[in-house]
There are 4 protein chains.
Amino acid sequence: MIIITRHDVTDEELDHIRERVEAFGLQTHLSRGKHRTVVGCIGDEEVLAGVPLLSIPGVEAVHTVMKPYKLANAQFAAEPTKVPMGSISVGDTAVAVVAGPCSVEGLDMLTQTAQRVKKAGAVGLRGGAFKPRSSPYSFSGLGEDGLKMLADVRAETGLPIVTEIMDPRQADLVAEYADVLQIGARNMQNFTLLTEVGRLQRPILLKRGMAATVEDLLLAAEYVMKQGNENVILCERGIRTFSDATRNTFDLAAIPVLKKETHLPVIADPSHAAGRRDLVAPLSYAAVAAGADGLLIEVHPVPEEAISDGDQSLTFDEFDALMEGLKPVAEAVGRSL
Amino acid sequence: MIIITRHDVTDEELDHIRERVEAFGLQTHLSRGKHRTVVGCIGDEEVLAGVPLLSIPGVEAVHTVMKPYKLANAQFAAEPTKVPMGSISVGDTAVAVVAGPCSVEGLDMLTQTAQRVKKAGAVGLRGGAFKPRSSPYSFSGLGEDGLKMLADVRAETGLPIVTEIMDPRQADLVAEYADVLQIGARNMQNFTLLTEVGRLQRPILLKRGMAATVEDLLLAAEYVMKQGNENVILCERGIRTFSDATRNTFDLAAIPVLKKETHLPVIADPSHAAGRRDLVAPLSYAAVAAGADGLLIEVHPVPEEAISDGDQSLTFDEFDALMEGLKPVAEAVGRSL
Amino acid sequence: MIIITRHDVTDEELDHIRERVEAFGLQTHLSRGKHRTVVGCIGDEEVLAGVPLLSIPGVEAVHTVMKPYKLANAQFAAEPTKVPMGSISVGDTAVAVVAGPCSVEGLDMLTQTAQRVKKAGAVGLRGGAFKPRSSPYSFSGLGEDGLKMLADVRAETGLPIVTEIMDPRQADLVAEYADVLQIGARNMQNFTLLTEVGRLQRPILLKRGMAATVEDLLLAAEYVMKQGNENVILCERGIRTFSDATRNTFDLAAIPVLKKETHLPVIADPSHAAGRRDLVAPLSYAAVAAGADGLLIEVHPVPEEAISDGDQSLTFDEFDALMEGLKPVAEAVGRSL
Amino acid sequence: MIIITRHDVTDEELDHIRERVEAFGLQTHLSRGKHRTVVGCIGDEEVLAGVPLLSIPGVEAVHTVMKPYKLANAQFAAEPTKVPMGSISVGDTAVAVVAGPCSVEGLDMLTQTAQRVKKAGAVGLRGGAFKPRSSPYSFSGLGEDGLKMLADVRAETGLPIVTEIMDPRQADLVAEYADVLQIGARNMQNFTLLTEVGRLQRPILLKRGMAATVEDLLLAAEYVMKQGNENVILCERGIRTFSDATRNTFDLAAIPVLKKETHLPVIADPSHAAGRRDLVAPLSYAAVAAGADGLLIEVHPVPEEAISDGDQSLTFDEFDALMEGLKPVAEAVGRSL
């Protein structure tokens, strides 16, 4: 921790600043510049987290030296983490494509979709039984019935299931059916839910919030990991900006940034980022070219009849074409499909 | 609902578009322009909410005519709603100032703060017993002990209590102690929590999320109101933007926009918006000048020793000065303190 | 300047970092922490501006200690600057309201508007002769004819003229007619234009760019001041964010931030920030309550017939009402109109 | 153009709205819904551009049907435009990589860089002689001397030159030396400059502004094209958002969006988007995978000694590696290098 003092700091203020810091067991170290005096704080700076140093008279700015996340920090892991999903691993050489409808709408459409995406190369099935919707008047999912359909289709196709959890009271219920539990963007800082799923023995797919920095996302992962569940997959799905050509702004650079900052696998959700079917393929290629470990793709038998997110869902043929186009891109960067 | 077709739409596509819409019980109405044909949809457009009209071949753009929120819509209320908070009402002529520490740290500091802010004119006491924190390593509140302290201080000072709820499983617990339950910015789209507090008989203070539009905020209020709880206070507390001079960007214009869009009362939280003590007074004056019905202000006996948010907490003297300065501003716009 | 090294920095790298810094005439100072080593750079840190310190092997982060602007810095001025505008000063106790149409459309409408806003208390007349428009197909102003009309109306009403300059080749032309030259938001980092107007003897009204930080704005002012023209008025007019309830997001907090960072006067343009006539009054009250030294308001005899910005222009009656409402707000914060 | 009226619009207001629109030579067409009446405007909607329809009493919202750009609109071109750059074309099957230092610092470093990037496969040389800098105290380029060095190096290596123009008075000067004139992000809405370069016979590389929407960028291109210069290359280089992990937020999705909206070629500048050397390669791969027609890459013999942008400049070896890695990615999407 480095404290920069105001240009007119007094000696009394300097003494008081040092006392405050030293009271936490750290050493201080003065460096007097031409215009400013800088107080270096040596020792375990975590004890200063949350201490309102800016409130101490004479302090102008405070800079931290350490990253606030530990379990998720790449520096504290010998090698990249591979998160199991059914019989495969996310974070492996093969790019893991998880596909399926936004919502589980019925057994037939789900079975049909699962068979088709599996044939095209998907290694997981997505589908929402509990759906977070901006409006209370929108369809919010089939609930446990939807979970059962997902399990039935897994039994039939062998595809592991990725589905969202919204309520901490349903942690055990969802974990009973799902292979991977998804935390949606709107719940990325629902710390109650993060803590609850941290206690489960199921991998977590954690989506970046619409206003979350990379650090916020890693701290959210830290919440889960701190409870003992280290199987966290991070997902870039677009952030909120002024740019109105797409539903969200796909922050592609977050993918390689995350790959450097953390040992956890990183996937992308181009469907939600774009909000438009016609952009899903180029965004998918880009994500994999930039190092993504997997993709989350919305596919629907008849998108124009989808109950939710139809505008961004691919048809079966479009998904086939996407997978065909993706293969050489993956190989170009040393990955496979 | 208005559907704009692509410039090269075919007659078959047009027929299909009309069929799809009419299948929902609406009438369609064609308007052929020089470059585009427009399909007007007449009837109850809510049935089209979530229908992926953009997915229908030949459709270029879709514009909604109605606002998606109803219970919160100003047009559906004869007059502004006043939300009870202890013996006063938020939304009345008097500007309601709620003050107190970020976190409840102990009984003494809370009592001391409550007495002092009451003397200065505050009509409510804020204080967190359950604290949402970005990092799992930060102090997360005293829990039920904190709630009890709040109740004790209410007993002593008569100030109603505003405190945050984070977990749907604690709805009854928090409601037992609090006069107003606060939903924090990070939980604004925690629909599980919104639905749960909608079932309570306690007023809700709903903070705008960091990436929430005004419409998102009103839809979140709609979640609460749809359960039968119409006592919702909205709170502007800053949004996430590129601007780095303050912790968040205080979207002041949202206050008069909300006052037009909804009948619910609107307050401001300048402490979180600014993240800096020295800006709390000017932002408070501005909020009231723009029509805010109240303010949420962080005050601490010794900010530099606060466990959380010390940098933005006012000292007692600063709060006194704020209230003194606020009085003539409130009167200038026809309000009182 | 403070340099934080990577956790695995080698002694050779540390030596090289110090050599690089010392080559610029600064002294270095090592502070070894538990996890990181910090290199303090003592001396004139401006010589390091632009030096890519992050490129030196072993460097993880660099923090500057000094603000990059000098002439605009509040610390380098004994007192607030008052900028002359005709016979009055912007930055004085009286809040300076400058009003008028977006574009000069003709002599009659301009005269009529000037007379009316003057009667209501405006102390300056705004009006564009050269208009920056997003589309090349939009009306771009009457050019020099418009300037002449502005000068004629000044002669008749005594109101000083504020008008925009877009082209460095027209600096002398515009300066011949205008009392204050406005640099629009889109030209805030048009350094050619900033340098050119810095050579004039006319006050400059510098609008904040839509993506400009407070520091960017102050550096733009520095460009003008460095040429010898210290009469710069800064103007907050809204920034680009995801929030779609208003045309731009009015960054109200920038007003008190700027009042602390610089000695230059700060005004607000609620018309452009809101983009909606019905929000101009509340935003104006808020700006003055937060410390603005003046306002820039669009007024038009018949807004629905305005060639540009009609949606945000006030009618004469609305402007009268605004000024009447503004007076007590100004007085509440120790100002006058 | 579609006008949506307020729910309480009167018949008189409706008549007035129709009169106003019909006065511009358009026909109107009424569609009465359950809650709203919609006025369709049939005819050439461009005549309504800039007309403040929202100002007409009774109007609630206005939706345009047509895109505001024409010359740049993909619908108005039979095929994609290829822009000549020396002996190659941007927009062709081959991905055009333009590389070089941020600033021209001297003849030696420029020659050395040009030879090396050419050998690695670059088809153009970038280098700034006139540099827009946020601070007036930063190095702003060698001016005409820099242009001469660029011409000398072109003579020696055969690489066409891309260099920035900042001042409309220097249009002829820069055009004398450069093969392609670059308009920087900060000048994207410097309409004076856009108009001036539109009169030249030189291709223009137009960078997206930090707060510019895709539509803003296309309208800026329209300014250039309207003067007769249709050789415009668009460049995505990152936008300003809250995300702080990179210098700007690389809006990758803008690349495929632009490829659909316009016939002009689209390139990417990953160096400025990232602001960090270690992200240039993944962002380059992603851009090409998403359909970019070219890249603009900063390369410097010794980045840590670069006068500007050293932190994001590649070393020669890093550029070699980038080109080697890029080749299979380009081929994977049907392009070459």
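Every value quoted in this text rests on a predicted model; they were computed, and no experiment measured them.

Before we move on, can you summarise the side chain of N187 of chain A with the specific residues and values?
Position of N187 of chain A relative to the elements: it lies in the loop between β10 (180-183) and α5 (191-198). Among the residues examined, N187 of chain A registers a relative accessible area of 3% and is labelled buried. Ignoring sequence-local partners within four residues, the contact set of N187 of chain A consists of I165, M166 and L193 of chain A together with Q189 and N190 of chain B.

Before we move on, can you summarise the packing of aromatic side chains with the specific residues and values?
Two aromatic rings, taken as a pair, are described by how far apart their centres are and by the angle between their planes. Taken as a whole and assessed by the stated rule, the structure comprises four aromatic pairs over all chains. Consider the rings of F191 of chain B and Y223 of chain B, whose centres lie 4.5 Å apart with planes at 20 degrees: the pair is stacked. Pair noted here: F191 of chain B is in helix α5 (residues 191-198) and Y223 of chain B is in helix α6 (residues 214-226), with a separation of 32 residues, a long-range link. Per residue, the accessibility class of F191 of chain B equals that of Y223 of chain B, and both read buried. Sitting over the face of the ring of Y137 of chain B, K70 of chain A holds its NZ or CZ atom 4.1 Å from the ring centroid.

Kindly report on the interface of chain B and chain A, identifying the contributing residues and their values.
For interface size, the figure often reported is the accessible area lost on association. Facing 47 residues of chain B, the contacting portion of chain A comprises 47 residues. Taking both partners together, chain B and chain A bury about 4,000 Å²; carbon and sulfur atoms supply 49% of that area. Counting every contact that joins chain B to chain A gives six salt bridges. Inspection of the region where chain B meets chain A yields 28 residue pairs in polar contact (both at pLDDT 80 or more). For the side of chain B that touches chain A, a count of residues per class yields 21 nonpolar, 11 polar and 15 charged.

An account of empty space enclosed by the protein is needed here, citing residue identities and associated values.
Taken as a whole, this structure holds 13 cavities of 30 Å³ or more when the rule is applied. A volume near 400 Å³ is recorded for the largest cavity. Along the walls of the largest cavity sit 37 residues, with I2, V38 and G40 of chain A together with I2 and V38 of chain C positioned nearest its centre. Of all the elements in the fold, those that place two or more residues in the lining of the largest cavity are β2 (27-32) and β3 (37-42) of chain A together with β2 (27-32) and β3 (37-42) of chain C. The leading source of residues in the lining of the largest cavity is β3 of chain C, at five residues.

Tell me about the packing of helix α5 (residues 191-198) of chain C against helix α6 (residues 214-226) of chain C, and name the residues and values.
Residue and element names in this part refer to chain C. Relative to each other, α5 and α6 sit at 40 degrees, their axes nearing to 6 Å. Classified by the angle between their axes, α5 and α6 sit oblique to one another. The handedness of the crossing between α5 and α6 comes out as right-handed. In this structure, α5 uses F191, L194, T195, V197 and G198 to contact α6, whose residues at the interface are A220, Y223 and V224. For the contact of α5 with α6, the per-class residue count stands at six nonpolar, two polar and no charged.

Give a detailed account of the interface of chain A and chain C, specifying residues and quantitative values.
Chain A puts 25 residues into the contact, and the matching count from chain C is 25 residues. With both sides pooled, the region where chain A packs onto chain C buries about 2,100 Å², and carbon together with sulfur makes up 64% of that total. Its largest share of buried area at the contact with chain C, chain A owes to V65, Q75 and F242 of chain A, together 21% of the area lost on that side. For the pair chain A and chain C, the interface holds zero salt bridges. Scanning the region where chain A abuts chain C turns up three residue pairs in polar contact (both at pLDDT 80 or more).

Report on helix α3 (residues 144-157) of chain A, specifying residues and quantitative values.
Residue and element names in this part refer to chain A. Here α3 contains 14 residues, and its C-alpha end-to-end distance of 20 Å stays within 8% of the 20 Å for a straight helix at 1.5 Å per residue. If you follow the buried residues of α3, they end up packed against α2 (107-120), β8 (124-126), β9 (161-164) and α4 (171-177). At the exit of α3 stands G158, carrying a positive phi of roughly 80 degrees.

Explain the sheet that holds strand β11 (residues 204-207) of chain A to me, using residue names and the numbers behind them.
Residue and element names in this part refer to chain A. Here eight strands make up a closed barrel; going around it, the order is β7-β8-β9-β10-β11-β12-β13-β14 and the pairing parallel. Averaged over neighbouring strand pairs, the angle between their axes works out to 25 degrees when direction is ignored. Pairing geometry for β8 and β9, over two bridges, is parallel. What sits directly across from R126, in β9, is V162.

Provide a residue-level description of the relation of the copies chain B and chain A, including the pertinent values.
Of the two same-sequence chains, chain B is brought onto chain A (RMSD 0.0 Å, axial shift 0.0 Å) by a rotation of 180 degrees. In the structure described here, the two chain copies are related by an operation that fits a two-fold rotation axis. Of the C-alpha atoms belonging to chain B, the one lying closest to the rotation axis is found on A211 of chain B, 2.6 Å away. Comparing interface residues between copies, 100% of those in chain B also lie at the interface in chain A; the contact surface is shared.

So, the relation of the copies chain A and chain C: which residues are in play, and what are the values?
Two chain copies, one operation linking them: a rotation about an axis together with a shift along it. Once chain A has been moved 0.0 Å along the axis and rotated by 180 degrees, it coincides with chain C to within an RMSD of 0.0 Å. When you check the interface residues of chain A against chain C, 100% turn up at the interface there too, and the contact is symmetric in its surfaces.

I'd like a description of the pairing of strand β1 (residues 2-5) of chain D, backed by residues and values.
Residue and element names in this part refer to chain D. Judged by which residues are buried, β1 turns out to be covered on both faces: I2 and I4 on one side and I3 and T5 on the other are all buried. Of the pairings in the sheet, the one linking β1 to strand β3 (residues 37-42) comprises three bridges and is antiparallel in character. Residue pairing for β3: I3 is matched across the bridge by V39. The sheet contact formed by β1 and strand β4 (residues 59-63) spans four bridges and is antiparallel. The partner of I4 across the bridge, within β4, is A61.

What counts as what
Residues numbered from 1 in each chain as written. Chains lettered and ligands numbered in written order. Predicted model: local features only at pLDDT ≥ 70, side-chain atom pairs only at ≥ 80, totals over all residues. Heavy atoms only, no water. Helix = DSSP H or I, 4+ residues; strand = E, 2+ residues; numbered from the N terminus. Buried < 20%, exposed > 50% of the residue type's maximum accessible area, 1.4 Å probe, protein only. Contact = heavy atoms within 4.5 Å. Phe/Tyr/Trp six-rings, centres within 6.5 Å; stacked < 30°, edge-to-face > 60°. Lys NZ or Arg CZ within 6 Å of the ring centre and 35° of its normal. Buried area = accessible area lost by both parts, 1.4 Å probe. Salt bridge = Lys/Arg side-chain N within 4 Å of Asp/Glu carboxyl O. Polar contact = N/O pair within 3.5 Å; in protein donor to acceptor, adjacent residues only side chain to side chain. Nonpolar A, V, L, I, M, F, W, Y, C, P; charged D, E, K, R; others polar. 1 Å grid on protein atoms, 1.4 Å probe; cavity = no way out; pocket = protein on both sides within 12 Å on 5 of 7 lines; lining within 4 Å. Points joined across faces, edges and corners; volume = space filled by probe spheres on them. Axes fitted to C-alpha atoms, helices over the stretch in contact; angles between N-to-C directions. Parallel < 35°, antiparallel > 145°, perpendicular 65-115°, else oblique. Left-handed = near helix turned anticlockwise from the far one by under 90°. Expected span 1.5 Å × (residues − 1). Pairing = 2+ DSSP bridges. Least-squares fit on C-alpha atoms with pLDDT ≥ 70 in both.

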